[in-house]
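Tertiary structure, described
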Amino acid sequence: MTDQRTLVLGGARSGKSIAAERLLSAVPDVVYVATGGNDSGNTEWAARVAAHQSRRPGSWGLAETIDLVPLLESDGPPLLIDCLTLWLSRTMDAVDVWSDLSRAGLVEERIAGLADAWSATPRRVVAVSNDVGSGIVPADPGTRLFRDLMGRLNTTISLASDQVLWTVAGRTLPLT
C-alpha cells in the first residue's frame, strides 16, 4: 500500500485534521488516537474536542493516549493520530523538560522510539502535526526548544512516511 504511513502537516486551523479524517472516511473501523489529554474545565478545549467528535463516524474507536508505540507496534485497524504536536507537548510535560531543559535528550529518545515504531508499523496510519517553525523565533529558551523538537519530530516522521501532505487554508497539497 503506497499510503500506509501518511503525515498531514499545516499551521493552526489550516484544516489538517479534516484532511486526515477524509483520508480514512471510507474505513469503518479506524481508531482515532487523541493525544491532547483531558483539560477539564476549559470550555474552549471542550468545544474543540466536541467539534472533532462530531465529525467522526460513530463506528470509529477512540484511544486517548500519548503512548503511541504499542499502538503502532500492534496489528489492528488504521490509526488516525491527532496530533503529534500535542504528543510532543505532553511528552515534554511527562519528562519535566520545562523545568530542566537539559532533559531534552529524554524527549529525543522518545521521538526516536516513535519514529522506529512509525517506520515498522503493520497498520495504516495517518498522523496530524503542526508546522511551528515558519514564524518568529521564540524569545524564551523553553519555547525555542519546543519549536526545535517539533521540527525534528516532523522531519523524522516525514522522512519515514509514504505520503506527506501540506494543508493551508483548507487546501491540501502533496509534498514530494
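Up top you'll find the structure we're talking about.
Since the model is a prediction, treat every value here as computed from it, not as a measurement. (Residues numbered from 1 in each chain as written. Predicted model: local features only at pLDDT ≥ 70, side-chain atom pairs only at ≥ 80, totals over all residues. Heavy atoms only, no water.)

1. Points about the pattern of salt bridges
Condition: By convention in these notes, a salt bridge is any Lys or Arg side-chain nitrogen within 4 Å of a carboxyl oxygen on Asp or Glu. Each helix corresponds to a stretch of at least 4 residues labelled H or I by DSSP, and each strand to a stretch of at least 2 residues labelled E; elements are numbered beginning at the N terminus. Using a 1.4 Å probe on the protein chains alone, a residue whose accessible area is under 20% of its type maximum counts as buried, one over 50% counts as exposed, and one in between counts as partly exposed.
Under the definition given, this model contains 5 salt bridges. Across the salt bridge formed by Arg-124 and Asp-3, the nearest N and O atoms sit 3.3 Å from each other. Of the two residues, Arg-124 sits in the loop between helix H5 (104-120) and strand E5 (125-130) while Asp-3 sits in the segment before strand E1 (5-10), which places them 121 residues apart along the sequence. In this structure, Arg-5 engages Asp-162 in a salt bridge whose closest nitrogen and oxygen atoms are separated by 3.4 Å. Separated by 157 residues along the polypeptide, Arg-5 in strand E1 and Asp-162 in the loop between helix H6 (141-159) and strand E6 (163-168) bring together distant segments of the chain. Overall, the relative accessible area of 14% leaves Arg-5 in the buried class. What makes Asp-162 partly exposed here is its relative accessible area of 36%.

2. A few points about the side chain of Arg-124
In plain terms, the rule: Polar contact is the term for a pair of N or O atoms within 3.5 Å; when the atoms are in protein, one must be able to donate a hydrogen and the other to accept it, and sequence-neighboring residues count only if both atoms are side-chain atoms.
Residue Arg-124 is classed as buried on the basis of its relative accessible area of 19%. At 3.3 Å, the side chain of Arg-124 forms a polar contact with the side chain of Asp-3. A polar atom in the side chain of Arg-124 sits 3.2 Å from the backbone oxygen of Leu-23.

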